[in-house]
Amino acid sequence: MEPAQTSPLPYLIAVNLTRRCNLACAHCYMDAEQRSRPASDELSDQALGALFREIGARAPGTILVLTGGEPLLHPGLEGLVAAGAEAGLRMVLGTNGVLLTADKAARLKAAGLEGMGISLDSVSAKSHDDFRGMSGAFERSCTAVRLCREAGMHAQIHFTVTRKNKAEIRAAVEMAKFLGAAILNFFFLVCVGRGESRMDLAPDEYENALREIAEIQGKSRGILVQTRCTPHFKRVLHQMDAKSPYTRAEGYDGGGCLAASHYCRITPKGEVTPCPYIELSAGNLTQGGFWSVWDDSRLFNSLRDPSLLGGRCGGCEYKLLCGGCRARALVDAGDLMGEDPSCEYEPAGNAVISATVPIDPDAPVDWTPEAKARLAKVPLFLRPVIKKKLEARARAEGISVTAELMARHRAERERDLGLKFK
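As the structure is a prediction and not an experimental result, all values here were calculated from the model. (Residues numbered from 1 in each chain as written. Predicted model: local features only at pLDDT ≥ 70, side-chain atom pairs only at ≥ 80, totals over all residues. Heavy atoms only, no water.)

Student: I tried to follow the overall build of the protein on my own but got confused; where do I start?
Tutor: The helix and strand inventory of the protein stands at 15 helices and 10 strands. A total of 422 residues make up the protein; the buried ones form 56% of that total. Considering only intrachain contacts with a sequence separation of at least 6, the fraction spanning at least 24 residues in the protein is 70%. For the protein, the computed accessible surface area is about 18,500 Å², with 53% contributed by carbon and sulfur atoms. (Helix = DSSP H or I, 4+ residues; strand = E, 2+ residues; numbered from the N terminus. Buried < 20%, exposed > 50% of the residue type's maximum accessible area, 1.4 Å probe, protein only. Contact = heavy atoms within 4.5 Å. Areas by Shrake-Rupley, 256 points an atom, 1.4 Å probe, with all protein chains shown as cover.)

Set out below in structure tokens:
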């Protein structure tokens, strides 16, 4: 008999396949080791395949991000992609893209890979190469975006914002559009690993950068602009426009940080942590199954309880929308549930905000070129119905219709139908 579900299901799980990497990035949270062969204590392909089946049995449609280190160095990568796809998971790769070839992209697509998140951290080739520790990395990563798209997969660009490149935010959007990326994710540095030696944004710089991205997000066309590792973004959006659909605390882009509630990270050794920047382990997969850790971990259940938040975060009216970054609180003061030092907002003592706003059913919705092309392949008699459902969902989540949204919608529909007719 299947145990009763006691916790929310994950939307996204990152699996660090290896610590091996071909670059020496200045900000790497793993401080990845440039080794010529895998470590002996990394999870085997057989163990990973069993993990994927375990996750897929209870949460089909979950996005599984295979990353590293550099996942393209993993000799069994295509087999792992296939194993995850066969388990009903949506397989994505997080990579620097330097090692990608047209043949490799085609083989990964054939194995079931849906897309790639490719790191580009400057619009300047020299600045990016210096940040990544390799001459020519920028050109190869740009080429990887093109190869990914040509293989029929969606491409995201991951841009890490630092003091050095914060003036490039608008230019980064134009670069992502030029390269044909469907999504641009702005990541904000959490100072762990080699990132401890970097100059993170000061609270006022962090706030200004989020406001700039919020303005771009509301006007951007043809590409989805998002932030990651930024729970404050919901508060900023709400302050700028409380009725905006971007403030809705629902779905994948709902309120607060996803760590331990809808997201976790699995290390090469099998440790399950709330996120890549919180290195506290909730349990090891070699000593029990994934769901026992996800459901029963005291660490995870603490992070799911906003009443445990302390300092300004605990007394803030935005604690459900935001809640602060737990990794930054841990790094700054050793208190996982303490206040976030990167936030300059002072709580006003008002009632706690839960953002659920009316949605205009006739509000226009943008479609990315990839999504339009995918819709054109849908049989004509089904197209109007599917288009209406996708646009309603995009309005509810405050986003454009992208190929990624279409894949997610289809996977969830297939899951629901499977459960209905079991």
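Student: What am I meant to see in empty space enclosed by the protein here?
Tutor: A probe as big as a water molecule, rolled over the atoms, marks out the empty space that is left. Enumeration according to the criterion identifies 3 cavities of 30 Å³ or more in this entry. Its boundaries defined by the atoms lining it, the second largest cavity holds a volume of some 120 Å³. Lining the second largest cavity are 14 residues, and of these R312, C313, C316, C322 and C343 lie nearest its centre. Elements supplying a minimum of two residues to the lining of the second largest cavity: α8 (232–240) and α11 (311–314). In the lining of the second largest cavity, the residues fall into 7 nonpolar, 3 polar and 4 charged. (1 Å grid on protein atoms, 1.4 Å probe; cavity = no way out; pocket = protein on both sides within 12 Å on 5 of 7 lines; lining within 4 Å. Points joined across faces, edges and corners; volume = space filled by probe spheres on them. Nonpolar A, V, L, I, M, F, W, Y, C, P; charged D, E, K, R; others polar.)

Student: What am I meant to see in the pairing of strand β8 (residues 263–266) here?
Tutor: Looking along a regular strand, one sees the side chains alternate between the two faces of the sheet. On β8, burial covers both faces: Y263 and R265 on one face and C264 and I266 on the other are all buried. Relative to strand β9 (residues 271–273), β8 is paired through 2 bridges, and the arrangement is antiparallel. Its bridge partner being in β9, I266 is matched across the sheet by V272. (Pairing = 2+ DSSP bridges.)

Student: Would you explain the pairing of strand β7 (residues 224–228) in this entry?
Tutor: By the criterion of burial, β7 is predominantly enclosed, with 5 of the 5 residues buried. What you see with β7 is no split at all: L224, Q226 and R228 on one side and V225 and T227 on the other are buried throughout. In terms of strand pairing, strand β6 (residues 183–188) meets β7 through 5 bridges, oriented parallel. Paired with F186 across the two strands is T227, which belongs to β7.

The quantities given are spatial measurements derived from coordinates; they are silent on function.
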